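# Commentary on secondary and tertiary structure
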Amino acid sequence: MVVLIGIVVSLVVAAAVLVLAGAEAAADARGDSRGGPWRTFRDGWRARRHPDPAQRAAAVAASADPVDVSLQELLSANVEQGDAYLQVDDLSAALERAARRAGSALPRQQRGA
């Protein structure tokens, strides 16, 4: 059983490689400047070693130290004044209507059956 699973996985990987190679060849034949998925993958892999300035700036921003704020400070800074988004009266009225509709849609159960 393990051998069969290994063969199936190998065939799936081989099919994926053939599809990617075919897509790249079709993109080359069309003269597509972007290239196919395989070329895009290779370009991205190469760009890891030599990133452009915009990518460097993004990497520096991502590596910045986080700001330490307690949960209480964070929540108190974002408190909104006014009515809440959900009103309890509106919710209970909608729930009551839904219960009435569900009760009328369901068939009545016979007692003693």
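Starting afresh in each chain, residues are numbered from 1 along the sequence in its written order. Note on the predicted model: pLDDT of at least 70 is required for a residue's local features to be given, and 80 or more for side-chain atom pairs to be given and counted; whole-chain, interface and lining totals, by contrast, use all residues. The side-chain quantities take in all heavy atoms of the structure and omit both hydrogens and water.

### Points about the overall build of the protein chain
To qualify as a helix, a DSSP run of H or I must reach at least 4 residues; to qualify as a strand, a run of E must reach at least 2; elements of each kind are numbered from the N terminus. For the protein chain, the helix and strand inventory stands at five helices and zero strands. Listing the helices and strands of the protein chain from first to last along the sequence gives α-α-α-α-α. Burial classification: accessible surface area is computed with a 1.4 Å probe over protein chains only, and a residue below 20% of its type maximum counts as buried, one above 50% as exposed, and the rest as partly exposed. Looking at the protein chain residue by residue over its 113 residues, the buried ones come to 4%.

### Regarding a nonpolar patch on the surface
Patch rule: a residue counts if its relative accessible area is over 30% and it has no salt bridge; like charges are joined within 9 Å, and nonpolar side chains (Val, Leu, Ile, Met, Phe, Trp, Tyr) within 5 Å. With residues, only the protein chains shown are counted as cover, and all accessible areas are computed by Shrake-Rupley using a 1.4 Å probe. Only one rule defines a salt bridge in this text: a Lys or Arg side-chain nitrogen within 4 Å of an Asp or Glu carboxyl oxygen. Residues Met1, Leu4, Ile5, Val8, Val9, Val12, Val13 and Val17 make up a contiguous nonpolar surface patch of about 800 Å² in total accessible area. Inspection of the secondary structure puts valine 8 in helix α1 (residues 2–30). Accessibility expressed as a relative area gives 44% for valine 8, which makes it partly exposed.

### Quick look at the confidence of the model for the protein chain
pLDDT gives the predictor's per-residue confidence on a scale running from 0 to 100. Residues at a pLDDT of 70 or more form 81% of the protein chain, whose mean pLDDT is 78. Per-element confidence in the protein chain ranges from a low mean pLDDT of 73 for helix α3 (residues 53–62) to a high of 87 for helix α5 (residues 88–105).

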